[in-house]
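Structural overview for review
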Amino acid sequence: MNRVVLRHPDKAIDTGAYSSGILCDGWLYVSGHAALDLTIGEVVGGSVEEQTSLTLRSIEKVLHEAGCSLENVVKCNCYLARMEDFDRFDREYSKHFQIPPARTTVQSGLGGGLLIEIDAIAHVPSRQD
């Protein structure tokens, strides 16, 4: 098994003992991301729509490091601070995918002003694909 650790290109602070992404045998596993300014560690975006968009753009940066994009994502796990935000989250989330990946969405105890966290799994295309 060949594993490559990927860092988020904007990450300048310590946010814990995890990798932003792990590339393994053609699959990219992206850790949970949120609407954080990774240079100072502060939450950005006030609404669930803003935080959803910022979170997906953050994930997209890790995907880019592996040579892929949101179109290569096959599965997302989404964690909402408040389930009553689901419809607004879902509308914004759907704008980022031509073909929506498989998804699980649950309510979670997010803190510090976070309204959403998302992790993802993507297939990284090879030159033979």
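Each remark here, short or long, concerns the structure printed above.
The rules behind each value
Throughout, a residue's number is its position along its own chain's written sequence, starting from 1. A pLDDT threshold of at least 70 governs which residues receive local features in this predicted model, and a stricter bar of 80 or more applies before side-chain atom pairs are shown or counted, although totals over entire chains, interfaces and linings include all residues. Values shown for side chains rest on all heavy atoms present in the structure; no hydrogens or waters enter the calculation. Per the convention used, a helix needs a DSSP run of H or I reaching at least four residues, while a strand needs a run of E reaching at least two, with both numbered from the N terminus. Values of the radius of gyration come from C-alpha atoms, whereas the globule rule sets the reference at 2.2 Å times the count of residues to the power 0.38. Think of it in three bands: residues with accessible area under 20% of the maximum for their type are buried, residues over 50% are exposed, and the middle band is partly exposed, with areas taken using a 1.4 Å probe on protein chains only. A pair of strands is labelled paired if DSSP reports no fewer than 2 bridges between them. Only residues above 30% relative accessible area that lack a salt bridge enter a patch, with like-charged residues linked at up to 9 Å and the nonpolar side chains Val, Leu, Ile, Met, Phe, Trp and Tyr linked at up to 5 Å. For every accessible area listed, the method is Shrake-Rupley and the probe measures 1.4 Å; residues are considered covered only by the protein chains on display. Salt bridges, as used here, are contacts in which a Lys or Arg side-chain nitrogen is within 4 Å of a carboxyl oxygen on Asp or Glu.

1. Some details on the overall build of the protein
Looking only at helices and strands, one finds 2 helices and 8 strands in the protein. Listing the helices and strands of the protein from first to last along the sequence gives β-β-β-β-β-α-β-α-β-β. The C-alpha radius of gyration computed for the protein amounts to 14 Å, which stays within 12% of the reference 14 Å derived for 129 residues, consistent with globular compactness. Oriented by its inertia axes, the alpha-carbon framework of the protein measures out at about 45 × 35 × 20 Å. Counting across all 129 residues of the protein, residues that qualify as buried make up 37%.

2. A word on the pairing of strand S8 (residues 116-123)
Two elements, strand S3 (residues 27-34) and S8, share 6 bridges in a ladder whose sense is antiparallel. For tyrosine 29, the partnering residue across the bridge sits in S8 and is isoleucine 121. Bridge analysis of strand S6 (residues 73-80) against S8 gives 7 bridges, and the strand direction is antiparallel. By the bridge assignment, cysteine 78 is partnered in S8 with isoleucine 118.

3. So, a nonpolar patch on the surface
Nonpolar side chains collect at one region of the surface, where Trp27, Tyr29 and Val74 lie side by side and expose about 260 Å² of accessible area between them. Mapped onto the elements, tryptophan 27 comes out in strand S3. Residue class for tryptophan 27 comes out partly exposed when judged on its relative accessible area of 32%.

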